[in-house]
Amino acid sequence: MRLISEELSFWRDLLSMLEAQYGSNCEIVLHDLTKDYNHTIVDIRNGHITGRKIGDCGNNLGLEVLSGNAKNGNRYNYVTRTDTGKILRSSTQFLRDDDGKIIGSLCINMDITESLAFEKFLHNYNGTGDPAVEVREFFTTDVKSLLECLIQEAQLPIDKTPEHMDRADKLKFLEYLDSKGAFLITKSSERVCEYLGISRYTLYNYLDLLRSKQEYTDSILASMRLSLIHI
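Residues numbered from 1 in each chain as written. Predicted model: local features only at pLDDT ≥ 70, side-chain atom pairs only at ≥ 80, totals over all residues. Heavy atoms only, no water.

Peer 1: Kindly report on a nonpolar patch on the surface, identifying the contributing residues and their values.
Peer 2: Nonpolar side chains collect at one region of the surface, where Phe-118, Phe-121, Leu-122 and Tyr-125 lie side by side and expose about 470 Å² of accessible area between them. Along the chain, Phe-121 falls in helix α3 (residues 113-126). Take Phe-121: its relative accessible area is 48%, and that puts it in the partly exposed class. (Patch = residues over 30% accessible without salt bridge, like charges linked within 9 Å, V, L, I, M, F, W, Y side chains within 5 Å. Areas by Shrake-Rupley, 256 points an atom, 1.4 Å probe, with all protein chains shown as cover. Salt bridge = Lys/Arg side-chain N within 4 Å of Asp/Glu carboxyl O. Helix = DSSP H or I, 4+ residues; strand = E, 2+ residues; numbered from the N terminus. Buried < 20%, exposed > 50% of the residue type's maximum accessible area, 1.4 Å probe, protein only.)

Peer 1: Report on the pattern of salt bridges, specifying residues and quantitative values.
Peer 2: As enumerated under the stated definition, the model contains 11 salt bridges in all. Two residues, Lys-180 and Glu-64, come together in a salt bridge whose shortest N-O distance is 3.5 Å. Taken together, the residues Lys-180 in the loop between α5 (167-179) and α6 (188-196) and Glu-64 in helix α2 (residues 60-66) connect sequence positions 116 residues apart. Two residues, Arg-191 and Glu-194, come together in a salt bridge whose shortest N-O distance is 3.3 Å.

Peer 1: Tell me about the environment of Asp-43, and please be specific about residues and values.
Peer 2: Position of Asp-43 among the secondary structure elements: in strand β2 (residues 41-45). Given a relative accessible area of 6%, Asp-43 falls into the buried group. For the pair Asp-43 and Lys-53, spaced 10 residues apart in sequence, the C-alpha separation works out to 7.9 Å. Residues contacting Asp-43, with those up to four places away along its chain left out, are Arg-12, Leu-15, Ile-28, Val-29, Leu-30 and Ile-54. Side-chain polar atoms of Asp-43 contact the side chain of Arg-45, separated by 3.0 Å. (Contact = heavy atoms within 4.5 Å. Polar contact = N/O pair within 3.5 Å; in protein donor to acceptor, adjacent residues only side chain to side chain.)

Peer 1: I'd love a proper account of the sheet that holds β2, names of residues and values included.
Peer 2: Across the sheet, five strands lie side by side as β2-β1-β5-β4-β3; this open sheet has antiparallel pairing. With partners counted over all chains shown, the strands left at the sheet margins are β2 and β3 (75-81), one partner each. Going across the sheet, the axis of each strand differs from the next one's by a mean of 20°, ignoring polarity. Pairing of strand β1 (residues 26-32) with strand β5 (residues 102-111), which is carried by seven bridges, proceeds in the antiparallel orientation. From the neighbouring strand, Cys-26 faces β5, where its bridge partner is Met-110. Taken strand by strand, helix α1 (residues 8-22) contacts β1, β2, β4 (87-96) and β5, and its axis lies near 20° from that of β2. (Pairing = 2+ DSSP bridges. Axes fitted to C-alpha atoms, helices over the stretch in contact; angles between N-to-C directions.)

Peer 1: Please set out unusual backbone geometry residue by residue, giving values where relevant.
Peer 2: For residues other than glycine, phi is negative in most cases, and the peptide bonds are mostly trans. Within the chain, Asn-77 stands out as a residue other than glycine whose phi angle is a positive 55°. With respect to the helices and strands, the residue Asn-77 is situated in strand β3. Relative accessible area serves as the criterion here: at 49%, Asn-77 is assigned to the partly exposed category. With a phi angle near 65°, Lys-187 is a residue other than glycine that sits in the positive phi range. Tracing the backbone shows Lys-187 in the loop between α5 and α6. Of the residues examined, Lys-187 reaches a relative accessible area of 60% and is grouped as exposed.

Peer 1: So, the packing of aromatic side chains: which residues are in play, and what are the values?
Peer 2: How two aromatic rings sit relative to each other is given by the distance of their centres and the angle of their planes. Evaluated as defined, the whole model comprises four aromatic pairs. Seen from their ring centres, Phe-10 and Trp-11 are 5.0 Å apart, and the 70° between their planes marks the pair as edge-to-face. Given the relative accessible area of 44%, Phe-10 is considered partly exposed. Each ring, one from Phe-173 and one from Tyr-195, has its centre 5.7 Å from the other, and the planes form 10°; the classification is stacked. Linking Phe-173 in helix α5 with Tyr-195 in helix α6, this pair joins segments that are 22 residues apart in sequence. In this structure, Phe-173 and Tyr-195 share a single accessibility class: buried. Each residue in the set Phe-118, Phe-121 and Tyr-125 is aromatic and connected to the rest through ring pairs, giving one cluster. (Phe/Tyr/Trp six-rings, centres within 6.5 Å; stacked < 30°, edge-to-face > 60°.)

Purely geometric numbers; function is a separate question.
See the structure below:
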């Protein structure tokens, strides 16, 4: 298989089976990641769970994988939540072509909001249970909204408005966005420059500095691993 579209009838049959198996509280999404990232969803069942439909965009986890910042993007049975407060138990499997290149993803999002509330009641009643570990995943219908989510997420640990950020703050802000693949989004540079109040020249200088630093760190780690192999 080289393209999702070549086997689309198979994927649709698979989604129909999963939909019948798991019911209306389970969203199943097929992304074609060879398309423009603003329109990657080629099939979706029970889209009411995240409010998405065919033709909408991919999420932040896909950006991380496509940018190369997540070496193994597959994630199974993790917990996340929507901006409307729904709690989801999710799994994401990235799909590769015959050459190993990522061409799509299959995502399952089970709405466990009500069952989790009941589980919490039982835990409190019985005095047992540990809180679930959550993964930050943003469900939006377009990449513009996705970028805004990433920008707000990048600002949280800095806890300053852009006009009060110094150079170190802005570098930290940009490092987060770059690690999440935000600059794969069309016109993201323009929006980030506008948000931070910097020129594109300054932005590219900051990104070059961050990426050269990361390349140096990666080379040191690779050398250390190689040394350990020969010990």
